[in-house]
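Chain residues, written in single-letter form:
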Amino acid sequence: MLKVAVIGLGNIGKTHTRWYSQNEDAELVALCDLLPERVAPVARQYGVRAYHDVDEMLRSEEIDAVSVATAGPENGGHHYEPVMRCLAAGKHVLVEKPISNDIEHAREMVRFAREKGLLLGVNLNHRFTPAADRAKCLQEEGDLGNVLFVNMSLWINNPNESSPWFHMRALHPHSIDVMRHFGGSIRKVQAFMHKAPGRGIWSNASVNVLFESGAVGHLTGSYDASGLHPIERCEVMGTKGRFVIENVYERLEFFPRTSPEKLVIDNPIMGGMSGFDDTFRNRINRFVEQVLAGGPLDASGEEGLAAQEVIEAAIRSWQHGTVEEVNG
Ligand SMILES: NC(=O)c1ccc[n+]([C@@H]2O[C@H](COP(=O)([O-])OP(=O)(O)OC[C@H]3O[C@@H](n4cnc5c(N)ncnc54)[C@H](O)[C@@H]3O)[C@@H](O)[C@H]2O)c1
């Protein structure tokens, strides 16, 4: 049984809490938010103690692993402090994305987890779907062949104005992670960006990448889309065929190179994913299972950091009009 706690009880922390409470291998033991009005009702609902101070919670409770679902600048500026405190106290951690909006902090978090021999995971939930798992099987079993290109799109409606790089740092950990999941490490990046009318931030981006393998890839991203339509499309072409994952989990299609018969897997109406929220369930269940097994973790801190390194390279590329090497 994994004893877990959640820090940060906004909507996303509440989602983590709910899925832990439904996992029979996890026992929710405590919740923590700086704001009493945020944590108290949730703690009452689940019958666990509410804390307002991370250190006090870590001192008072027996905890194996902690979800950190704080937010902050660029949706990641508040992750560093609680993550480092949990690691210092010897806890495994699942942190929301971006691992941090500050690349130095992200590097430190990964370094510290490694030093302490603890498991650090990132909630890169877009790849925790049956469609992505099946696509990975096609790749691992050789049906796809060697990856030639990856075409990725992720667009949502987010009218919030934050730093110029909010859209890149807060949204695209997901898309870059999915690209890396199928294409491997990314070596070079070139980006163009665009501000939608009336916006002060770079709310649209077109990013070219070169993978270590020599394969090429592209990301189209936006914070100016409708929230009422599909948000994501991932297309991967290999030497033996091409697959497309539509809208994170809704459909996988595979087009073999030498046969007119294509494979179509739709999200089943019975027993399939009932919505995007289920990506959190799948990710959290995998985290619990892998921590109990002693690791390694899918969507690890290293992978979360690697996605942020690509994002920082894209930002430098747009700032300087250059093709940028990815650090790390
Ligand atoms: N994976 C996904 O699909 C997905 C989707 C949306 C948001 N997110 C991420 O989830 C995270 C949380 O988002 P949200 O909308 O719930 O944020 P939010 O701002 O509503 O909630 C964050 C909470 O953290 C608390 N907090 C901050 N610092 C704290 C600290 N040191 N100790 C205790 N509590 C602290 C705040 O008081 C607040 O209640 C963000 O990082 C965001 O990027 C992920």
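Residues numbered from 1 in each chain as written. Predicted model: local features only at pLDDT ≥ 70, side-chain atom pairs only at ≥ 80, totals over all residues. Heavy atoms only, no water.

Draft legend 1. Quick peek at the site of the ligand. Within the structure, the ligand sits among 23 residues, and Asp 33, Arg 38, Asn 75, Lys 97 and Asn 125 are positioned closest to it. Asn 75 is positioned such that a nitrogen or oxygen atom in its backbone is 2.6 Å from an oxygen atom of the ligand. With respect to the ligand, the backbone of Lys 97 contributes an N or O atom lying 2.8 Å from an oxygen atom. (Near = heavy atom within 4 Å. Polar contact = N/O pair within 3.5 Å; in protein donor to acceptor, adjacent residues only side chain to side chain.)

Draft legend 2. Molecular detail of the packing of aromatic side chains. Applying the stated criterion to the full structure yields five aromatic pairs. Judged by centre distance (5.3 Å) and plane angle (85°), the rings of Trp 202 and Trp 318 are edge-to-face. Separated by 116 residues along the polypeptide, Trp 202 in the loop between β8 (186–194) and β9 (204–211) and Trp 318 in helix α9 (residues 301–320) bring together distant segments of the chain. Relative accessible area serves as the criterion here: at 26%, Trp 318 is assigned to the partly exposed category. On the basis of an interplanar angle of 85° and a centroid distance of 6.0 Å, the ring pair of Phe 276 and Phe 280 is categorised as edge-to-face. By relative accessible area, which is 32% here, Phe 276 ends up partly exposed. Overall, the relative accessible area of 8% leaves Phe 280 in the buried class. A network of ring pairs unites the aromatic residues Phe 192, Trp 202 and Trp 318 as a single cluster. The residue whose ring lies beneath Lys 195 is Trp 202, and the NZ or CZ to ring-centre distance is 4.4 Å. (Phe/Tyr/Trp six-rings, centres within 6.5 Å; stacked < 30°, edge-to-face > 60°. Helix = DSSP H or I, 4+ residues; strand = E, 2+ residues; numbered from the N terminus. Buried < 20%, exposed > 50% of the residue type's maximum accessible area, 1.4 Å probe, protein only. Lys NZ or Arg CZ within 6 Å of the ring centre and 35° of its normal.)

Draft legend 3. Representation of the pattern of salt bridges. Throughout the structure, instances matching the rule amount to 24 salt bridges. A salt bridge links Glu 309 to Arg 107; the nearest nitrogen and oxygen atoms lie 2.8 Å apart. Here Glu 309 is found in helix α9, whereas its partner Arg 107 is found in helix α5 (residues 103–116), with 202 residues between them in sequence. Taking relative accessible area as the criterion, Glu 309 reaches 5% and is therefore assigned buried. One salt-bridge network, held together by shared partners, links Arg 233, Glu 235, Arg 242 and Glu 246. (Salt bridge = Lys/Arg side-chain N within 4 Å of Asp/Glu carboxyl O.)

Draft legend 4. Representation of the pairing of strand β4 (residues 65–68) in the model. Residues of β4 alternate between two faces, with Ala 65 and Ser 67 on one and Val 66 and Val 68 on the opposite face, all of them buried. Looking at chain direction, β4 and strand β5 (residues 92–95) are connected through four bridges and run parallel. Looking at β5, one finds that Ala 65 is bridged to His 92. (Pairing = 2+ DSSP bridges.)

Draft legend 5. Looking closely at the sheet that holds β4. Judged by pairing direction, the sheet is parallel, and its six strands sit side by side in the order β3-β2-β1-β4-β5-β6 without closing on themselves. This sheet does not close on itself; its edge strands, each paired only once, are β3 (49–51) and β6 (120–122). Taking the axes of each pair of neighbouring strands and ignoring which way they run, one obtains an average angle of 25° across the sheet. Sheet topology places strand β2 (residues 26–32) next to β3; three bridges connect them, and they run parallel. When the sheet's bridge partners are listed, Leu 31 is paired in β3 with Ala 50. In the packing of helix α1 (residues 11–21) onto the sheet, contacts are made with β1 (2–7), β2, β4 and β5, and the angle to β1 comes to roughly 165°. (Axes fitted to C-alpha atoms, helices over the stretch in contact; angles between N-to-C directions. Contact = heavy atoms within 4.5 Å.)

Draft legend 6. Main features of the packing of α1 against helix α8 (residues 277–292). Across the interface, α1 lies against α8 with an axial gap of 9 Å and an inter-helix angle of 60°. By the angle between their directions, the pair α1 and α8 is classed as oblique. Taken as a pair, α1 and α8 cross one another with a handedness that is right-handed. Facing α1, whose interface residues are Ile 12, Thr 15, His 16, Arg 18, Trp 19 and Tyr 20, α8 presents Asp 277, Asp 278, Phe 280, Arg 281, Ile 284, Asn 285, Phe 287 and Val 288. Its residues assigned to classes, the contact of α1 with α8 shows seven nonpolar, three polar and four charged. (Parallel < 35°, antiparallel > 145°, perpendicular 65-115°, else oblique. Left-handed = near helix turned anticlockwise from the far one by under 90°. Nonpolar A, V, L, I, M, F, W, Y, C, P; charged D, E, K, R; others polar.)

Draft legend 7. Up close: unusual backbone geometry. Going from Lys 97 to Pro 98, the amide bond is cis rather than trans, its omega being -10°. Residue placement: Pro 98 occurs in the loop between β5 and α5. Cis peptide bonds are those with omega within 30 degrees of zero, and the linkage from Gly 295 to Pro 296 qualifies with 0°. In this fold, Pro 296 is placed in the loop between α8 and α9. You will see that Glu 74, though not glycine, has its phi angle at about 50°, which is positive. Relative to the helices and strands, Glu 74 resides in the loop between β4 and α4 (80–88). When its relative accessible area of 6% is taken as the criterion, Glu 74 is described as buried. The phi dihedral of Asn 247 falls on the positive side, at around 55°, and the residue is not glycine. Along the chain, Asn 247 turns up in the loop between β12 (241–246) and β13 (251–256).

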